Amino acid sequence: MNNTTDTPVAVIGLGLMGQALAGAFLKAGHPTTVWNRTASKADQLIARGAQLAPTVGDALTAGSLTVICVTDYQAVHELLGAREVTLHGVTLVNLTSGDSAQARETARWAEQRGARYLDGAVMAIPSGIGTADAVILHSGPQADFEEHEPTLDALGTVTYLGADHGLASLYDVAGLTMMWSVLNAWLQGTALLRTAGVDAAAYAPFARQIAAGVAGWLPGYAEQIDRGSFPAEVSALETDVRAMAHLIEESEALGVNAELPRLIKAMADRAIAAGHGGEQYPVLIEEFTKPRVD
Ligand code: NAP
């Protein structure tokens, strides 16, 4: 196991994120080799002790693991698919954002060329890299993750999700939908309260308390989903839908956008039409699990 900060690493791609990743490896003491299409982006890292690899191929053989972080998977394939590049014997950690199909396909592609491949997703901004706030998700062969975890630890809070290479990107998008849904719900409430002269800052602490309370329901609701049984222990969907109608009416009456409230109610209405009115909210998973058919 590579458990010292002497472990040499390489980083391919020195955009905002790649520079932060390479900087965190350097800060932790790892001998760090870097490569970027635009070589000048390596200057600050070289000043801090990084080695510049003359070619992508040189970067791939410089470390016991190579992190690649470029714009998209197309760029990954353009770089690593070049005829002169060999992946045999390389351990590659791809922290480029993409979807689960791209991750699985790239894993097959890299493994067929003799590489060991972990896919990852960075759930952080560049300034957070190297701190515990930076959550970095990994999926792929567990033995490969465990071998390199002590090295990857330099980047933040590294987490292993499972052998399916698509999991890191799926968790990534799951996190994004949580983030945007919470923010949209907060903005809806803020818009409603502004009609009464309430500042966003005045509402934010209340909204935070509600969000934290709802977050506390998740484990119990998740159990209902995994059991496939949704007894109305707290409230039935047909009760909830009356409050949803009230939210739409209030939004319309106050002249604020009612798209989000209408979407919330439309999904509940469909679940009720399908016979689930007496069940609890997580029964809506059935609406979320299938594509919308108009
Ligand atoms: P960026 O600053 O725009 O950098 C893009 C990098 O990709 C540069 O190194 C660029 O090289 C390289 N690149 C693009 N196309 C290439 C090609 N065809 N061949 C060779 N190199 C190519 O982007 P970033 O912010 O570092 O983001 C990189 C990845 O991290 C993305 O997938 C992004 O979604 C993900 N991410 C970023 C953040 C963030 O806050 N920045 C957060 C989470 C995840 P040049 O310098 O030569 O143009």
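What you see is a predicted model; the values in this text were computed from it and never measured.

Undergrad: Help me understand helix 7 (residues 167-194) in this model?
TA: Think of an α-helix as turning once every 3.6 residues; residues three or four places apart then point the same way. Between the first and last C-alpha of helix 7 there are 40 Å, a value that for 28 residues agrees with the 40 Å anticipated at 1.5 Å per step. Of the residues making up helix 7, those classed as buried are Ala168, Ser169, Asp172, Gln188, Gly189, Thr190 and Leu192.

Undergrad: Before we go on, may I ask you to explain the environment of Leu16 in this structure?
TA: Looking at the secondary structure, you find Leu16 in helix 1 (residues 16-27). Taking the C-alpha atoms as reference points, Leu16 and Ser127, 111 residues apart in sequence, are found 9.2 Å from one another.

Undergrad: It is not clear to me how the site of the ligand should be interpreted in this structure. Could you clarify?
TA: Taken together, 22 residues are adjacent to the ligand, and Met17, Asn36, Thr38, Lys41 and Ser97 come closest. Here a nitrogen atom of the ligand and a side-chain polar atom of Glu78 are 3.0 Å apart. Within the side chain of Ser97, a nitrogen or oxygen atom sits 2.7 Å from an oxygen atom of the ligand. Partitioning the shell around the ligand into residue classes produces eleven nonpolar, eight polar and three charged.

Undergrad: What is the right way to read the packing of aromatic side chains from this model?
TA: Within a pair of aromatic rings, the relevant descriptors are the distance that separates the centres and the angle that separates the planes. Tallied over the entire structure, the rule returns three aromatic pairs. Ring geometry for Tyr203 versus Phe206: centroids 6.1 Å apart, planes at 40°, classification tilted. You can see Tyr203 and its partner Phe206 sitting in helix 8 (residues 200-227), three residues apart, about one turn around the helix. With relative accessibility at 48%, the residue Phe206 sits in the partly exposed group.

Undergrad: Explanation requested: the domain arrangement of the protein chain in the structure shown.
TA: The figure often quoted for interface size is the accessible area lost as the parts come together. Partitioning the protein chain into domains gives domain 1 (9-163) and domain 2 (170-288). Taking the mean C-alpha position of each, domain 1 and domain 2 sit 38 Å from one another. Of the residues lining the interface, six residues belong to domain 1; the matching set on domain 2 comes to four residues. Each partner contributes to the roughly 440 Å² buried at the junction of domain 1 and domain 2, and carbon and sulfur atoms together form 72% of this total. Counting the surface domain 1 buries against domain 2, the share from its top three residues, Ser100, Met123 and Leu161, is 59%.

Undergrad: Can you walk me through the pairing of strand 7 (residues 135-139) in this structure?
TA: For a regular strand, the rule is simple: side chains alternate between the two faces of the sheet. When you tally the buried positions in strand 7, you get four out of five residues, the bulk of the element. One ladder, built from five bridges, connects strand 6 (residues 116-123) with strand 7; its direction is antiparallel. In the strand pairing of strand 7, Asp119 is matched with Ser139. As paired elements, strand 7 and strand 8 (residues 157-162) share five bridges and run parallel to each other.

The rules we used
- Residues numbered from 1 in each chain as written.
- Predicted model: local features only at pLDDT ≥ 70, side-chain atom pairs only at ≥ 80, totals over all residues.
- Heavy atoms only, no water.
- Helix = DSSP H or I, 4+ residues; strand = E, 2+ residues; numbered from the N terminus.
- Expected span 1.5 Å × (residues − 1).
- Buried < 20%, exposed > 50% of the residue type's maximum accessible area, 1.4 Å probe, protein only.
- Near = heavy atom within 4 Å.
- Polar contact = N/O pair within 3.5 Å; in protein donor to acceptor, adjacent residues only side chain to side chain.
- Nonpolar A, V, L, I, M, F, W, Y, C, P; charged D, E, K, R; others polar.
- Phe/Tyr/Trp six-rings, centres within 6.5 Å; stacked < 30°, edge-to-face > 60°.
- Domains from an automatic or database assignment.
- Contact = heavy atoms within 4.5 Å.
- Buried area = accessible area lost by both parts, 1.4 Å probe.
- Pairing = 2+ DSSP bridges.

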